[in-house]
Amino acid sequence: DGMNVLFIIVDDLRPVLGCYGDKLVKSPNIDQLASQSMVFSNAYAQQAVCAPSRVSFLTGRRPDTTRLYDFYSYWRVHAGNYSTMPQYFKENGYVTLSVGKVFHPGVSSNYSDDYPYSWSIPPFHPSAEKHENDKTCRGKDGKLYANLVCPVDVTEMPGGTLPDIQSTEEAIHLLNIMKTNGQKFFLAVGYHKPHIPLRYPQEFLKLYPLENITLAPDPWVPKKLPSVAYNPWMDIRQRDDVEALNVSFPYGPLPDDFQRQIRQSYYAAVSYLDVQIGLLLNALDNVGLSNNTIVVFTADHGWSLGEHGEWAKYSNFDVATRVPLMFYVPGMTTSPVSQGAKVFPYLDPFSHIGGSAPQGQSKKVVELVSLFPTLAELAGLQVPPACPETSFGVVLCTEGTSIVHYFNVPEGRVEEGKEGCDNTARCLNEEPVAFSQYPRPADTPQWNSDKPKLKDIRIMGYSMRTIDYRYTLWVHFDPSNFSADFKDVHAGELYMMENDPNQDYNIYNNTSHGWFFKKLLD
């Protein structure tokens, strides 16, 4: 009880990490954290875009309850005055601190990152953030561009720094203050990379020679993919280097060599992020707080790296919805840590060799909406009650469920995703499920298919992921009263994970719609 919380949230990070079995990436510091943590290998976001996902897991409510599917409304005004996870910790005596991108900035967090409700002091934003989309990428001709692929010389950047470097420095500064004050804290640190533009210190390219970079295993648009499910990656088309390729709308494809460059830079940005995590966790050691601080590491959603001929997030596929999720809990995921012991020595990705396996691993399907009750339980606070079916008037409740009961796995054992059971119907009732959703303006790809504004939404794709399958229905949606009509199905997708782990072969239309579908529909 009474542990501090360090909550690390990364923008657009899919689980390309050594601790998740990726053989190419260099992520020694995150892997080291995993080696002391409970790692969830099947964790999913509730909507694969920044603001809706963050508001969902920070309030513990699904997008249909926050009523945020775009970037343009504040839940306390448009849905209900829901308490947030940091607000709950603040009300329970914690100093709550926000560094970098935690809430999505702008109207969706009241232009204040929900201060003063959620935070004890005004949130910190790195000054270099305002240059993210400037022309800071040097082209082959020596001129500056606003590119997608953007390795840079940090000394040439405005202020001689980058946003994530500044956020790490500020977070370390706050850890030192908290140590001095001896106050219990909830410190949320939000990192920008690997969000586009892929702007990172150029030395990280050395870790990933282009000849080692492959294309996605399935870089084509699947034959049976409903057109409503496709996202046309408008945001990367608007970058100078992609625009110069004059790629056809909506299906592309991008030239193979450029696909490799994007993948290379995404990996390089992940290693740059890993260094920031390493410095931050090493600082936690240095101030002597590793033995009484819970560390959570996750992302707001994934990012497609050419799979299904898609780039970016904005879909219901695993590549867009699946996220890393790990919890370091001293004395629970590790043996009790003695005061002053080094738990997180900094590891240099340029010289460190060898990975480390997760301390405990669960294949259970879990959701980010469960973060709020899980962290409350881990910190010894009263777990917020489950929300009633309609909860717009309920200030404190959660639509997730605490996943702490999945932590108790005998050491070194990987927990299987589901218990054996004799009766398929009973299995379906007890099997953990993750729900995600994504709105579309039309049945075919449009310029605003990736990020439709609320008033333009006509179809909602509701998706459920179990250990065995991903099942998605695209149904009529009325934005004026936030209602989905499951009797008006525009398209469906069904992927069986055992023989189609990449979700390339949609069998929705060639499966008999028997009791199984009826059960799923319910």
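Thresholds, definitions, all that
- Residues numbered from 1 in each chain as written.
- Predicted model: local features only at pLDDT ≥ 70, side-chain atom pairs only at ≥ 80, totals over all residues.
- Heavy atoms only, no water.
- Helix = DSSP H or I, 4+ residues; strand = E, 2+ residues; numbered from the N terminus.
- Rg over C-alpha atoms; globule rule 2.2 N^0.38 Å.
- Buried < 20%, exposed > 50% of the residue type's maximum accessible area, 1.4 Å probe, protein only.
- Areas by Shrake-Rupley, 256 points an atom, 1.4 Å probe, with all protein chains shown as cover.
- Contact = heavy atoms within 4.5 Å.
- Core = buried A, V, L, I, M, F, W, Y, C linked by side-chain atoms within 4.5 Å.
- Disulfide = S-S within 2.5 Å.
- Pairing = 2+ DSSP bridges.
- Axes fitted to C-alpha atoms, helices over the stretch in contact; angles between N-to-C directions.
- Salt bridge = Lys/Arg side-chain N within 4 Å of Asp/Glu carboxyl O.
- Phe/Tyr/Trp six-rings, centres within 6.5 Å; stacked < 30°, edge-to-face > 60°.
- Lys NZ or Arg CZ within 6 Å of the ring centre and 35° of its normal.
- Polar contact = N/O pair within 3.5 Å; in protein donor to acceptor, adjacent residues only side chain to side chain.

Draft legend 1. Just the overall build of the protein, in detail. A tally of helices and strands in the protein yields 13 helices and 18 strands. Radius of gyration (C-alpha) of the protein: 22 Å, near the 24 Å computed for a compact globule of 522 residues. Principal-axis analysis of the C-alpha atoms gives the protein an extent of 60 × 60 × 45 Å. When each of the 522 residues of the protein is scored for burial, the buried share is 61%. Total accessible area on the protein is roughly 20000 Å²; 52% of this is exposed by carbon and sulfur atoms.

Draft legend 2. Region of the structure containing the environment of Thr 65. Assignment of secondary structure puts Thr 65 in helix H3 (residues 63–66). According to the relative accessible area criterion, Thr 65 is buried, its value standing at 9%. Contacts of Thr 65, omitting those with residues within four sequence positions, involve Ala 79, Tyr 82, Ser 391, Phe 392 and Glu 399.

Draft legend 3. Representation of the nonpolar core within the structure. Membership of the largest hydrophobic core comes to 132 residues, with the highest contact counts inside it found for Phe 7, Phe 40, Phe 186, Leu 187, Ile 262, Phe 297 and Phe 327. Broken down by element, the residue count for this core peaks at 15 residues, all from helix H9 (residues 256–286). Setting aside residues up to four positions removed in sequence, Phe 186 forms contacts with Val 5, Phe 7, Met 85, Pro 86, Phe 89, Tyr 94, Val 95, Thr 96, Leu 97, Trp 119 and Leu 375. In terms of nonpolar packing, the next biggest core, distinct from the first, is built from 15 residues, Tyr 69, Val 433, Met 460 and Tyr 469 among them.

Draft legend 4. The arrangement of the state of the cysteines in detail. In this structure the tally under the stated criterion is two disulfides. The disulfide partner of Cys 137 is Cys 150, and the gap between their sulfur atoms is 2.2 Å. Negative torsions about the S-S bond denote left-handed disulfides, and the value of about -100° found for Cys 137 with Cys 150 makes this one left-handed. Here Cys 137 is found in strand S4 (residues 137–138), whereas its partner Cys 150 is found in strand S6 (residues 149–152), with 13 residues between them in sequence. Taking the relative accessible area as the measure of exposure, Cys 150 reaches 1% and is therefore buried.

Draft legend 5. Representation of the sheet that holds strand S16 (residues 459–465) within the structure. A sheet is described by the order of its strands in space; here four strands give the open sequence S15-S16-S17-S18, paired in antiparallel fashion. Two strands in the sheet have a free side with no partner beyond their single neighbour: strand S15 (434–440) and strand S18 (483–496). Adjacent strand axes in the sheet meet at a mean angle of 20°, parallel and antiparallel pairs treated alike. Sheet topology places strand S17 (residues 469–478) next to S18; 10 bridges connect them, and they run antiparallel. Counterpart to Tyr 469 in the pairing with S18 is Met 496.

Draft legend 6. Main features of the pattern of salt bridges. Considering all chains together, one arrives at 15 salt bridges under this definition. Where Asp 318 meets Arg 465, a salt bridge forms, and the shortest distance between an N and an O atom there is 2.8 Å. Highlighted residues: Asp 318 in helix H10 (residues 318–321) and Arg 465 in strand S16, separated in sequence by 147 residues. When sorted by exposure, Asp 318 lands in the same class as Arg 465, which is buried. With a shortest N-O distance of 2.9 Å, Arg 470 and Asp 318 are connected by a salt bridge. Of this pair, Arg 470 sits in strand S17 while Asp 318 sits in helix H10; the two residues are 152 residues apart in sequence, bridging distant segments of the chain. Each member of the pair, Arg 470 as well as Asp 318, carries the same accessibility label: buried. Taken together, the shared-partner salt bridges connect Asp 11, Arg 54, Lys 101 and Asp 300 into one network.

Draft legend 7. Structural view of the packing of aromatic side chains. Counted by the stated rule, this structure contains 24 aromatic pairs. Both rings, one in Phe 317 and one in Tyr 495, keep their centres 5.8 Å apart while their planes meet at 50°; by these two values the pair is tilted. Taken together, the residues Phe 317 in the loop between strand S11 (311–312) and H10 and Tyr 495 in strand S18 connect sequence positions 178 residues apart. For Phe 317, a relative accessible area of 2% puts it in the buried group. Here a set of aromatic residues connected by ring pairs shows up, and it is made of Phe 7, Phe 57, Phe 89, Tyr 94 and Phe 186. The aromatic ring of Tyr 82 is capped on one face by Arg 61, whose charged end is 3.8 Å from the ring centroid. Over the aromatic face of Phe 392 sits the side chain of Arg 67, whose NZ or CZ is 4.3 Å from the ring centroid.

Draft legend 8. Just the pairing of strand S9 (residues 293–299), in detail. Among the seven residues of S9, seven are classified as buried, and the element is accordingly described as predominantly covered. Sheet analysis places S9 next to strand S12 (residues 322–328), joined by four bridges and oriented antiparallel. When the bridges of S12 are listed, Val 295 appears paired with Tyr 328.

Draft legend 9. Layout of the side chain of Thr 321. Along the chain, Thr 321 falls in helix H10. Beyond its immediate stretch of four places on either side in the chain, Thr 321 contacts Ala 43, Tyr 44, Ala 45, Ala 48, Gly 302, Ser 315, Asn 316, Ser 436 and Arg 470.

Draft legend 10. Molecular detail of unusual backbone geometry. The step from Ile 196 to Pro 197 runs through a cis peptide bond, and the omega angle for that step is -5°. Its location among the elements puts Pro 197 in the loop between strand S7 (185–191) and strand S8 (198–201). With omega at -5°, the peptide bond leading from Gly 252 into Pro 253 counts as cis. Relative to the helices and strands, Pro 253 is located in the loop between helix H8 (240–243) and H9. Positive phi is not limited to glycine here, since Asn 110 has a value of about 65°. In this structure, Asn 110 sits in the loop between strand S3 (95–100) and S4. Given the relative accessible area of 38%, Asn 110 is considered partly exposed.

Draft legend 11. Spatial organisation of the side chain of Ser 449. Looking at where Ser 449 falls in the secondary structure, it is placed in the loop between S15 and S16. Of note is the side chain of Ser 449, whose polar atom sits 2.7 Å from the backbone nitrogen of Gln 446. Once residues lying within four places of it in the same chain are set aside, the contact partners of Ser 449 are Pro 232, Tyr 438, Pro 439, Arg 440, Pro 441 and Thr 444.

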